[in-house]
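Geometric and topological summary
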Amino acid sequence: MEYAIKVTDLCKVYPDFALDNVSFAVPKGCIMGFIGENGAGKSTTIKAMLNLIHRNSGTVEILGMDLDSHEKEIKERIGVVFDECCFHDNLTPADISKILGNIYQSWDGKLYQTYLARFGLGEKKKIKEFSRGMKMKLGIAAALAHKPDVLILDEATSGLDPIVREEILDIFLDFIQDEKHAILISSHITSDLDKIADYLTFIHHGKIVFSAGRDELMDSMGVVKCGAEDIAGIERDQIIRFRKNQFGCEVLVRDKRAVAALHPEMVIDPVTTESIMLFYSRGEEL
Amino acid sequence: MNGLLLKDWIYLRPAIGMMAVVIVVCMVLFVPWGVSSVAFLVATAMVLLLPVNAMALDTSSRWERYALALPLSRREILAARYVFSCLCLGAAALVCGAAAVGSVVFLNGYDLLGVSPLVWWTGCVGAALLMLDLMLAVYFVYRMNVGILLFLVLCFAPIAAVYWRHLLISEMLGVWAGIFAVLGLSGLWVSWRVALRAFERWDVS
């Protein structure tokens, strides 16, 4: 499999937080959702992947090139969207085209204008007159106008209303139609990732908990609803996490079919990205 | 780097236009009356506001985080800031220099304290360059709002002038102008080295 992004053993130590051997890979032609609660290390990982912060150790390969030795070439071929608009309020989309046209070698002013028209953004309108959704769309237009092969999005859909989010997700799905492209999108809005992500990487307290295909996860994992005393009956190696509530217990199991075969009396619900996140963040280990 | 220079130009175009008008008005008001030093002081102090504004705007819009994700090295980002600041000061120095030469050639002019306008020009531009060196280095090392620093220095300068008035004699002004010019020029290299070292180590927050 060809990978668009490959992060290996990435470490970054702060006095109160650390990224601990973060490793994952995004195949070409795929969207990877990077999930985790606030403060889990999503943005820190993305910053380290872009050399916005200095790594203590680990390697980052993007489009088959090492970030340290080919930083400029890589950045020429990726588009980045952050959680907030980084353009000053007094600029207009036309100004941004002039600025970025002098920075990216492959900047395509016409393509940028096409995106602006598609998103309904006036070229001569000042950014201060834009809503948050419009600013995000502007950021995406700017990220796409130099025809990148990889998009890296850090909470790009947070704080947007569902309609704008839906529109933006459609753009990402369009982008990925070309099998050479890939997207890494960090978000804690799991419903968005349920719609578009092919792979999920979950980070918790600076450590990668899992990185796998979303369908594979949804297909294998399940949530067993049972009484607190029934947990003991479930095979220990099947239990990932459990949560107690006033009605009994919910248990996240590794292989719902195997559990169903052994315990046909148990009710097993399908999992969602959100429920997986909740189990890992707030559930208990046996 | 051209893109970054263009960004600063677009950001600050209205302010630059307004400053150009003020500087020209000052020249017209003061130079023919033999007090070109006032126009030079106003011009250089105003021009120092441009990099301060550019840095404040970059900080408020979190531009540097975005710039570091663009195909630009940290050295290029820093160089663009230095080049833009020096271009602003250079443009002001050219205008003031032309006024100083004009004052000497056509008006046979002597400025305050009977000193040639060329001495005042050298001193003002040198002091402004020294201040610029300091501001850029402080910004990139401590990431602080250097507007406050500029304000403090501008407030302190007249007080210092009164306190050390015995040093402001016409014979000494030439020496001071030379010292400022040398310190300003050599300080630019020191400032660049210090800022580059800090910026290359800087982690985006």
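Chain B is annotated in an unreviewed UniProt entry as ABC-2 transporter permease from Methanocorpusculum petauri.

By the naming in an unreviewed UniProt entry, chain A is ABC transporter ATP-binding protein, taken from Methanocorpusculum petauri.

Counting from both sides, the interface comprises 27 residues of chain A and, opposite them, 28 residues of chain B. Taken together, the two surfaces of chain A and chain B that pack against each other cover about 2,500 Å², and 62% of this comes from carbon and sulfur. Put simply, Asp83 of chain A and Arg65 of chain B hold a salt bridge, and the shortest N to O gap is 3.2 Å. Among the secondary structure elements, those contributing two or more residues to the side of chain A that touches chain B are helix 2 (71-76) and helix 3 (93-101) of chain A. Looking at the side of chain A that touches chain B, the element that brings in the most residues is helix 3 of chain A, giving 4 residues. Looking at the side of chain A that touches chain B, its residues break down into 14 nonpolar, 4 polar and 9 charged.

As a further point, take the packing of aromatic side chains. All names here are of chain B. Under the counting rule described, the total for this entry stands at 16 aromatic pairs over all chains. Summarising the aromatic geometry, the rings of Trp63 and Tyr66 are spaced 5.6 Å apart at their centres and angled 50 degrees between planes, so their arrangement reads as tilted. Pair noted here: Trp63 and Tyr66 are both in helix 3 (residues 63-68), with a separation of 3 residues, about one helical turn. Grouping residues by exposure puts Trp63 and Tyr66 together as buried. Here the aromatic cluster, defined as three or more aromatic residues joined through ring pairs, consists of Tyr139, Phe140, Phe199 and Trp202. Stacked on the ring of Phe199, the Lys or Arg Arg74 has its end atom at 5.8 Å from the ring centre. Between Arg143 and the ring centre of Trp202, over which it is positioned, the NZ or CZ distance is 3.8 Å.

Cut-offs used in this document
Residues numbered from 1 in each chain as written. Chains lettered and ligands numbered in written order. Predicted model: local features only at pLDDT ≥ 70, side-chain atom pairs only at ≥ 80, totals over all residues. Heavy atoms only, no water. Contact = heavy atoms within 4.5 Å. Buried area = accessible area lost by both parts, 1.4 Å probe. Salt bridge = Lys/Arg side-chain N within 4 Å of Asp/Glu carboxyl O. Helix = DSSP H or I, 4+ residues; strand = E, 2+ residues; numbered from the N terminus. Nonpolar A, V, L, I, M, F, W, Y, C, P; charged D, E, K, R; others polar. Phe/Tyr/Trp six-rings, centres within 6.5 Å; stacked < 30°, edge-to-face > 60°. Buried < 20%, exposed > 50% of the residue type's maximum accessible area, 1.4 Å probe, protein only. Lys NZ or Arg CZ within 6 Å of the ring centre and 35° of its normal.

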